[in-house]
Amino acid sequence: MTESTATYALPDVRGYFGDFGGSFVPEILVPALEELTAAFEEAKHDPSFQAQYHGLLRDYVGRPTALTFAERLSEHLGGGRIYLKREDLCHTGAHKINNAIGQILLARRMGKTRIIAETGAGQHGVATATVCARFGMECIVYMGAEDIERQKLNVHRMQLLGAEVRPATSGSQTLKDATNEAIRDWVTNVRDTFYIIGSVVGPHPYPAMVRDFHTIIGREVKEALEAKEGRSDPDILIACVGGGSNAIGLFHPFLDNPSVRCIGVEASGEGLDGRHAATLTLGRPGILHGALSYLLQDSEGQVDLAHSISAGLDYPGVGPEHAWLKQSGRVEYLSATDDEAMFGVKLLSETEGIIPALETAHAIAGLARIAPDTAADQLIVLNCSGRGDKDMQTIAGAL
Amino acid sequence: MTSITESRLTSRLGALAERGEKALGMFVTSGFPDLDATSDVLRAIDAGGADFIELGMPFSDPLAEGVPIQRSSARALAAGVTMERTLAYARAFTQDSETPLLLMGYGNPVMQYGISNFFRDARSSGVQGVILPDVLPDPDSPFFRAASEYGVNTVCLVSPTTPDARLDFIDELSSGFVYAVSVTGVTGTDKGDADPILAYLRHVKERISRNPLLVGFGIRSADDVRSMVSAADGAIVGSALVDLVGACWDNDAMPRDEKLATIENFVRELKSGTRV
Ligand SMILES: Cc1ncc(COP(=O)(O)O)c(C=O)c1O
């Protein structure tokens, strides 16, 4: 966690990144969000909180994660030097745990006794169930009934960790509906419950808070690149974007340096003319889950169903900071299809011996498109946000 | 700060207060159970003696709603309801009836319709007030600016978690009435023991000075209404009516007249709870 850098200091006090963000929630949650904002501000400046957070990241999560030079992949694609930021090596297998650790420490600080979370791929649910087990707290994870089917392994993991997995049976029965259910639970049990949101979405202060708990990713990249290449800032950063947490965690410490090109890769599912989850590419500004951001929706403002082979990217919204970064032109957003993601899984597995998560595979597909046009002395960092173990069934089915 | 907009809603609530009578507001989802039902359902509610009606603008992701209103919204959307149709139902109803009509729904469908256009068209359709549970009171927000420009009441909500200073702020920005959510929870929730709710309502009632105070969420029967209005200026019933409308329409054996009479009688029964 770090203070926002000097020139890039969003969100504003009302929780807006330019036109995006804010707080669109039932009145019941307003005092809880104010309390959370105050507790987070206080914790940020409290050395004992910082020590606890960084201590757990080191000794429990296994940070800093490696920055791996992808020698054969770089050679294969024939452009610049590609590094992989190995969030797949985090305890539980994805970056999500950085945020879960930060939020559970806040929950404890605020005296909350009951933890709820939403999950799509199950990675955030597993991360939350993990930290709840570690601190002996009650944990309820909402998960779309359809996702429970396609991410069975993670359901078993959460249950083994002592969490209750509640199926969200409303609407499309995926992440969007799990998030609705989690918010309804929070509205009902707001006095003793802390809602650990899993991405840079939701009402203020969540997008900023979740981001700050993930900027450790980008800051470790700076240090490791300095040591390995003699310069802290690469030419290109690339990450997949579902809600956008792993991407913002990587990008944020570099946003002040305009010579660092940042690329987010969304899921275009069956293709941009079919069912997809390319919110920034094809969505319009709208309000969902407490924030104003880009949204897949029809002309009436009803939220469209997203589709991606990757449950973690199968979401019709996106974090408001990404909406702002797109509008301001600071970050480029591409998209990759289900098929391209499968190609990405194979590419990284075969060239580097690393089986990536299906979410990460979208970033690899984007990388494969841009890397060949880069010069040999250019440095590219790809955020390897998670490992593919959880996806083996889907991957085996698709290959 | 916006000033309280005088409307047919405020004068209706004022007249009731003068008679020492409490208000009954009824909520029903637009386009539910099907597109043909809404106008008749609205008339039946009116005939039953509701003091005002909230017509729900369906949204795909209604995060303050419990299962009954979630399902009714999904069914209405599947039936093809649109904002334009909802406004047309409102227009048709307010042409025939003096009973104030409000629209209740979520920020996004309003935003996509165009915030300013929405309040303009609501006004010209005879709508007295708008309730958007996920749009927080803020005098600078485009929602509140447009509402005040077109003279549409903005009913704001308070909850048992709302601190006193915020009650003052909400009272300041709310117009028509202040909507007290009975318990922390979603619509259709079981509100449980009445005593703590009544204590909270009395506290809010004492605190606010500009608006009448109406209570909703979990109120299902005339007894519930009678109990709640002992500490508020009126009560609002939604999920219970939506459940009843759904049950009547799903009963193929029930003739349409009887469905509508059942709704009318239910409202009349609830209304009896407001005369103490
Ligand atoms: C490994 C992995 N990467 C990426 C994501 C997408 O989330 P975000 O865009 O917030 O990083 C997920 C979500 O479940 C994930 O599990």
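Draft legend 1. Structural detail: the pattern of salt bridges. According to the stated counting rule, one finds 47 salt bridges over all chains in the structure shown. Put simply, D59 of chain A and R58 of chain A hold a salt bridge, and the shortest N to O gap is 3.0 Å. Here D59 of chain A and R58 of chain A have matching classes, each one exposed. Residue K271 of chain B is joined to D51 of chain B by a salt bridge in which the shortest nitrogen-to-oxygen separation is 2.7 Å. Here K271 of chain B, found in helix α12 (residues 256-272), pairs with D51 of chain B, found in the loop between α2 (37-47) and β2 (52-56); they are 220 residues apart in sequence, far enough to count as distant. Among the residues examined, K271 of chain B registers a relative accessible area of 2% and is labelled buried. Residues participating in the shared-partner salt-bridge network are E41, K44, R211, D212 and E321 of chain A.

Draft legend 2. Spatial organisation of the packing of α2 of chain B against α12 of chain B. Residues and elements named next belong to chain B. One way to put it is that α2 packs onto α12 with a least axis distance of 7 Å and a crossing angle of 40°. One finds that α2 runs oblique with respect to α12. Of the two possible hands of crossing, α2 and α12 adopt the one that is right-handed. Residues A37, D40, V41, A44, I45 and A47 of α2 lie in contact with α12, whose contacting residues are R256, L260, I263, E264, V267 and R268. Across the contact of α2 with α12, the residue classes break down as 8 nonpolar, no polar and 4 charged.

Draft legend 3. The arrangement of helix α6 (residues 115-124) of chain B in detail. Residues and elements named next belong to chain B. Inspection of α6 places I115, F118, F119, D121 and A122 among the buried residues, and these make up the whole buried set. Mapping the buried residues of α6 onto a view down its axis gives an arc of 165°, with all of them on the same face. On its buried face, α6 sits against α4 (83-96), β3 (101-104), α5 (107-113), β4 (129-131) and α7 (142-149). Positive phi shows up at G126, right after α6, with a value of about 85°.

Draft legend 4. Spatial organisation of the interface of chain A and chain B. On the side of chain B, 38 residues touch chain A, which itself brings 34 residues to the contact. Here chain A and chain B share an interface that buries about 2,700 Å² over both sides, 54% of which is from carbon and sulfur atoms. Across the contact surface, chain A and chain B share 3 salt bridges. Two residues, D61 of chain B and K176 of chain A, come together in a salt bridge whose shortest N-O distance is 2.7 Å. Run the count over chain A and chain B and you get 19 residue pairs in polar contact (both at pLDDT 80 or more). For the side of chain A that touches chain B, the secondary-structure elements that each account for two or more residues are α1 (30-44), α8 (175-188), β11 (284-288) and β12 (291-295) of chain A. At 8 residues, α8 of chain A tops the list of elements feeding residues into the side of chain A that touches chain B. Grouping the amino acids of the side of chain A that touches chain B by side-chain chemistry returns 15 nonpolar, 10 polar and 9 charged.

Draft legend 5. Structural view of the confidence of the model for chain B. The predicted model of chain B has a mean per-residue pLDDT of 96, with 98% of residues at 70 or higher. For this predicted complex, the interface score ipTM comes out at 0.96, alongside a pTM of 0.97.

Draft legend 6. The arrangement of the nonpolar core in detail. Core analysis: the biggest nonpolar cluster contains 196 residues, and L106 of chain A together with M26, I45, F143, F177 and L201 of chain B have the highest contact counts within it. Those residues within four positions of F177 of chain B in sequence are excluded, and the remaining contacts are L9, L13, F52, E54, L102, I131, V155, C156, N211, P212, L214 and I236 of chain B. Core analysis: the next-biggest nonpolar cluster, separate from the first, contains 29 residues, I238, A277, A306 and I364 of chain A among them.

Draft legend 7. Just the site of the ligand, in detail. Residue and element names in this part refer to chain A. Taken together, the neighbourhood of the ligand is formed by 19 residues, with S199, G242, G244, S245 and S385 sitting nearest. The side chain of K96 places a nitrogen or oxygen atom 3.1 Å from an oxygen atom of the ligand. S385 places a polar side-chain atom, nitrogen or oxygen, 2.7 Å from a nitrogen atom of the ligand. Calculation on the ligand without its partners gives an accessible area of 390 Å², and the protein chains cover 97% of this total. For the shell around the ligand, the residue count by class is 6 nonpolar, 11 polar and 2 charged.

Draft legend 8. Representation of the sheet that holds strand β6 (residues 138-144) of chain A. Residues and elements named next belong to chain A. One open sheet holds the 4 strands; their spatial order is β7-β6-β5-β8, and the pairing between them is parallel. Only two strands of the sheet have a single neighbouring strand rather than two, namely β7 (164-168) and β8 (193-196). Across this sheet, the average inter-strand angle for adjacent strands is 25°, counted without regard to direction. Of the pairings in the sheet, the one linking β6 to β7 comprises 5 bridges and is parallel in character. The residue of β7 that forms the bridge with M143 is P167. Where helix α4 (residues 96-109) meets the sheet, its contacts fall on β5 (114-119) and β8, and the angle it forms with β8 comes to roughly 165°.

Draft legend 9. Main features of the environment of F93 of chain B. Residue and element names in this part refer to chain B. Among the structural elements, F93 can be located in helix α4. Judged by relative accessible area, which is 5%, F93 ranks as buried. Separated by 53 residues in sequence, F93 and D40 have C-alpha atoms that sit 9.4 Å apart. Setting aside residues up to four positions removed in sequence, F93 forms contacts with L42, R43, D46, I53, T99 and L101.

Reading the values: rules and limits
- Residues numbered from 1 in each chain as written.
- Chains lettered and ligands numbered in written order.
- Predicted model: local features only at pLDDT ≥ 70, side-chain atom pairs only at ≥ 80, totals over all residues.
- Heavy atoms only, no water.
- Salt bridge = Lys/Arg side-chain N within 4 Å of Asp/Glu carboxyl O.
- Buried < 20%, exposed > 50% of the residue type's maximum accessible area, 1.4 Å probe, protein only.
- Helix = DSSP H or I, 4+ residues; strand = E, 2+ residues; numbered from the N terminus.
- Axes fitted to C-alpha atoms, helices over the stretch in contact; angles between N-to-C directions.
- Parallel < 35°, antiparallel > 145°, perpendicular 65-115°, else oblique.
- Left-handed = near helix turned anticlockwise from the far one by under 90°.
- Contact = heavy atoms within 4.5 Å.
- Nonpolar A, V, L, I, M, F, W, Y, C, P; charged D, E, K, R; others polar.
- Arc of directions from axis to C-beta.
- Buried area = accessible area lost by both parts, 1.4 Å probe.
- Polar contact = N/O pair within 3.5 Å; in protein donor to acceptor, adjacent residues only side chain to side chain.
- pLDDT = per-residue confidence, 0-100.
- Core = buried A, V, L, I, M, F, W, Y, C linked by side-chain atoms within 4.5 Å.
- Near = heavy atom within 4 Å.
- Areas by Shrake-Rupley, 256 points an atom, 1.4 Å probe, with all protein chains shown as cover.
- Pairing = 2+ DSSP bridges.

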